[in-house]
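Structural overview
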Amino acid sequence: MFDLVLRRATLPDGRKGVDIAIKDGRIAAVAPELPGEAGSEVDATGRLVTPPFVDAHFHMDSTLSYGLPRVNQSGTLLEGIALWGELKPQLVQEAIVERALAYCDWAVARGLLAIRSHVDVCDPRLLAVEALLEVRKRVAPYLDLQLVAFPQDGVLRSPGTEERLRRALDLGVDVVGGIPHFERTMADGAASVRLLCEIAAERGLLVDMHCDESDDPLSRHVETLAYEAQRLGMQGRVTGSHLTSMHSMDNYYVSKLIPLMAEANLGVIANPLINITLQGRHDSYPKRRGMTRVPELMAAGLTVAFGHDCVMDPWYPLGSGDMLEVAHMGLHVGQMTGQAGMAACFDAVTVNPAKLLHLEGYGLEPGCNADLVVLQAGSPVEAIRTRAARLLVLRRGRVISRCAPVQAELDLPGRPASVSFTTPVA
Ligand SMILES: [Zn+2]
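This one's a predicted model, so the numbers in the text were calculated from it and none came from an experiment.

This next bit is on the overall build of the protein. Within the protein one finds 14 helices and 18 strands. By the compact-globule yardstick of 22 Å for 426 residues, the protein fits well, its C-alpha radius of gyration being 22 Å. For the protein, the spread of C-alpha atoms along the principal axes amounts to about 65 × 45 × 45 Å. Here the protein, with 426 residues, has 57% of them falling under the buried criterion. For the protein, the proportion of contacts with a sequence separation of at least 24, taken over those separated by at least 6, is 74%. With the model as given, the accessible surface of the protein reaches about 17200 Å², and the carbon-plus-sulfur share is 54%. Separation of charge centres in the protein, based on 41 positive and 51 negative side chains, amounts to 1 Å.

Summarising the metal site, the zinc ion is bound by the protein donors His57 (NE2), His59 (NE2), His210 (NE2) and Asp309 (OD), whose distances to it range over 2.1 to 2.6 Å. Bound by 4 donor atoms, the zinc ion shows angles of 85 to 178 degrees at the metal and therefore irregular coordination geometry. Each donor residue of the zinc ion lies on the same chain, and together they follow the pattern H-x1-H-x150-H-x98-D. Within this pair, whereas histidine 59 is found in strand 6 (residues 53-59), its partner aspartate 309 is found in the loop between strand 13 (304-306) and helix 11 (323-333), the two being separated by 250 residues in sequence. The same class applies to histidine 59 and to aspartate 309, which are both buried.

This part is about the nonpolar core. Counting 106 residues, the largest nonpolar core has Met60 and Met261 as its most contacted members. Among the domains, domain 1 (2-51 + 363-410) and domain 2 (53-356) are the pair contributing at least three residues each to this core. Those residues in contact with methionine 261 that sit more than four places away from it in its chain are Val222, Ala226, Leu243, Met246, Leu266, Val268, Leu297 and Leu302. If you look at the next biggest cluster of nonpolar residues, it comprises 21 residues, including Ile22, Val30, Cys368 and Leu372.

So, on to helix 5 (residues 186-203). With 18 residues, helix 5 should reach 26 Å at 1.5 Å per residue; the first-to-last C-alpha distance of 26 Å fits that figure. Tucked into the core, helix 5 has its buried residues touching helix 4 (161-171), strand 9 (175-176), strand 10 (206-211) and helix 6 (221-231). Once helix 5 ends, the next one or two residues include glycine 204, with phi positive near 70 degrees.

With that settled, consider the domain arrangement of the protein. For the protein, the domain assignment lists domain 1 (2-51 + 363-410) and domain 2 (53-356). Just the C-alpha atoms count here: the centres of domain 1 and domain 2 sit 30 Å apart. Carbon and sulfur atoms supply 68% of the area that domain 1 and domain 2 bury against each other, a total of about 1600 Å² over both sides. When the buried surface of domain 1 facing domain 2 is broken down by residue, Ile384, Arg390 and Arg395 rank first, second and third, together holding 42% of it. Remark: the boundary between domain 1 and domain 2 carries 2 salt bridges. One salt bridge connects arginine 390 with aspartate 322, and the closest N-O pair in it is separated by 2.3 Å. Our count for the domain 1 to domain 2 interface comes out at 6 residue pairs in polar contact (both at pLDDT 80 or more). If you list the elements that add at least two residues to the side of domain 1 that touches domain 2, you get strand 5 (48-50), strand 14 (372-375), helix 14 (380-386), strand 15 (390-395) and strand 16 (398-402). Considering only residue class, the side of domain 1 that touches domain 2 consists of 13 nonpolar, 2 polar and 4 charged.

Turning to helix 11, a few remarks are in order. Here helix 11 has its buried residues at Met323, Leu324, Val326, Ala327, Gly330, Leu331 and Val333. Where helix 11 begins, one side-chain oxygen reaches toward the backbone nitrogen of leucine 324, 2.8 Å away; that side chain belongs to aspartate 322.

Tracing the chain through its elements places valine 326 in helix 11. According to the relative accessible area criterion, valine 326 is buried, its value standing at 0%. C-alpha separation for the pair valine 326 and leucine 232, spaced 94 residues apart in sequence, amounts to 33 Å. Aside from chain neighbours lying at most four places away, what touches valine 326 is Pro272, Leu273, Phe306, Gly307, His308 and Val349.

Each value, and the rule that gives it
Residues numbered from 1 in each chain as written. Predicted model: local features only at pLDDT ≥ 70, side-chain atom pairs only at ≥ 80, totals over all residues. Heavy atoms only, no water. Helix = DSSP H or I, 4+ residues; strand = E, 2+ residues; numbered from the N terminus. Rg over C-alpha atoms; globule rule 2.2 N^0.38 Å. Buried < 20%, exposed > 50% of the residue type's maximum accessible area, 1.4 Å probe, protein only. Contact = heavy atoms within 4.5 Å. Areas by Shrake-Rupley, 256 points an atom, 1.4 Å probe, with all protein chains shown as cover. Lys, Arg positive; Asp, Glu negative; His and termini not counted. Charge placed at Lys NZ, Arg CZ, Asp CG, Glu CD. Donors = N, O, S within 2.8 Å, 3.2 Å for Na, K, Ca; no water. Tetrahedral: all angles 85-135°; square planar, octahedral: opposite > 155°, others 65-115°. Core = buried A, V, L, I, M, F, W, Y, C linked by side-chain atoms within 4.5 Å. Domains from an automatic or database assignment. Expected span 1.5 Å × (residues − 1). Buried area = accessible area lost by both parts, 1.4 Å probe. Salt bridge = Lys/Arg side-chain N within 4 Å of Asp/Glu carboxyl O. Polar contact = N/O pair within 3.5 Å; in protein donor to acceptor, adjacent residues only side chain to side chain. Nonpolar A, V, L, I, M, F, W, Y, C, P; charged D, E, K, R; others polar.

Rendered as structure tokens:
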């Protein structure tokens, strides 16, 4: 006997009328018209049922701090970094924990059950590291939080940071981060990539660096990152976040770069909401979009994910943990309006980041964790179009969030009494 069966669901690959049976926190069977008793049943007729959303790139130590100690007036990345520098000495651990837990509540309600968060390791007290390790432990029953040791002020540029980064890893931070474009010279940037990849290789850890987050077409640290991934035998274990300089690079150079990245099986994370906001700030008109070359990287076989990056912090005043909003922006900025492109944008907030995070048990096959989201939408494209309500969010087969379908009551002559923005179920 199953614990729970979701009946007649639509799956992201387009299969319709599929039953999903859950037993002991795992998916036990996925097939049409499954026989057998269940402790309880959910009618998911015509509803998209998907594994949870995954955010591959976030900053949980700064989230929900918007306005502390002041707002970012210029809106630039550099003022954001300076503002974060002003805020850091004032941070207290309990406040970071409280804000992060509040954000995780939003995430769960949005069906976002796995987040890779960078955590700044430049503070000698490692306050944010300790806070987010505590948060990771507290949310573990309902959300996978993966932490990246992020040297915000530069591992070479900021004295003592290498030692602090190693200490953060000793404390249990999962992934090695970096910020080569923020080091003082191109040579230092490349040296930081080498150093950090070697630290990760020694410890058997994954790498995810903020890399080339600028409009400078000559910011080419991604080349070093791909080279080091290959040299150290870390193919498939190294990710470049942002890579916005690729937007502005010379096309001939990119024709050589993308195959190098593919050989290294480099992961790629674009952060569409933040890239479109922070890049192109030195331009008058035309203004560059700044997002990396998402469709071209996908076409070359690289795994590309979209991250939220920021929610209400020194860099970005908006957001609510909604990865469909992220996919929606990525789709627009990348001009991915074809059917395949839109479907790829849904993958960029689900299966692709799950792969980059090396999440275990993610998916819709029997044996996978029964972590599922039931959406008020009939397809991934409709989910993006309407930023569909997350009707049910399940973790290990247990409903941990529910939401009523969105519907407006109308009072119009000769028109229907309500409207919900979804297309009629076929
Ligand atoms: Zn970031």
